[in-house]
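Summary of the model geometry
Chain residues, written in single-letter form:
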Amino acid sequence: MAAIGSLVFCTDCGNLLDGSSGDEKAILRCDVCGTENRDISSSAITTRSKPTSFPSALRSKLSAVQTLTEDDVQKDAVIRQTCPNCGSKEMRYYTQQLRSADEGTTVFYSCDCGHRFSINN
Ligand SMILES: [Zn+2]
Ligand SMILES: [Zn+2]
């Protein structure tokens with residue numbers, strides 16, 4: 001009974017099925033949708049996803065970010081932030097990722113009075 005404690009999910013709806021019997025040939029019927037699922041908990045090979053699928057998705061996401069034009073950059077948002085110069089209760093702000101990801105994000109605040117400053121997260 002090596003598979004005790006492992007979880008098996010319905011391949012159709014994702015419902016958690018009753019405990020694994022540890023027998024690959026056993027059929028686990030889903031209470032929700034009635035789909036008959038093979039007890040695959042003891043043969044993890046069948047659940048392994050393609051190793052290339054995630055990195056390529058990440059790459060295309062990164063290239064999409066890099067092809068953003070000036071017009072695509074989000075408009076300044078308004079935040080409750082008191083301007084140290086004129087005391088206004090609201091300031092516009094936007095964030096910018098500088099250099100590599102582990103450099104953190106810089107938040108730029110700007111006020112109608114012309115005062116602006118930035119904070120590094
Ligand atoms: Zn199901
Ligand atoms: Zn101000």
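In case you missed it, the structure is sitting above this.
Here's what I pulled together on the structure shown here. Note that this is a predicted model, so its numbers are computed, not measured.

What counts, and at which threshold
- Residues numbered from 1 in each chain as written.
- Chains lettered and ligands numbered in written order.
- Predicted model: local features only at pLDDT ≥ 70, side-chain atom pairs only at ≥ 80, totals over all residues.
- Helix = DSSP H or I, 4+ residues; strand = E, 2+ residues; numbered from the N terminus.
- Buried ≥ 20, exposed ≤ 12 C-beta atoms within 10 Å, placed from the backbone.
- Contact = placed C-beta atoms within 7 Å.
- Pairing = 2+ DSSP bridges.
- Axes fitted to C-alpha atoms, helices over the stretch in contact; angles between N-to-C directions.

**Description of the overall build of the protein**
A tally of helices and strands in the protein yields one helix and six strands. Beginning at the N terminus, the succession of helices and strands in the protein can be written as β-β-α-β-β-β-β. Within the protein, the proportion of its 121 residues that are buried is 6%. When contacts within the protein are restricted to residue pairs at least 6 apart in sequence, long-range pairs at least 24 apart make up 20% of them.

**Considering the sheet that holds strand 5 (residues 105-110)**
The four strands are arranged 3-4-5-6 in an open sheet whose pairing can be described as antiparallel. Lying at the two open borders of the sheet, with one neighbouring strand each, are strand 3 (77-80) and strand 6 (116-120). Pairwise comparison of adjacent strand axes, ignoring direction, gives a mean angle of 35° for this sheet. One ladder, built from six bridges, connects strand 4 (residues 90-97) with strand 5; its direction is antiparallel. The residue of strand 5 that forms the bridge with Tyr93 is Tyr109.

**Things to note about the environment of Thr105**
Summarising the element assignment, Thr105 is placed in strand 5. Taking the C-alpha atoms as reference points, Thr105 and Ile119, 14 residues apart in sequence, are found 8.5 Å from one another. Not counting chain neighbours up to four residues away, the residues in contact with Thr105 comprise Thr95, Gln96, Gln97 and Asn121.

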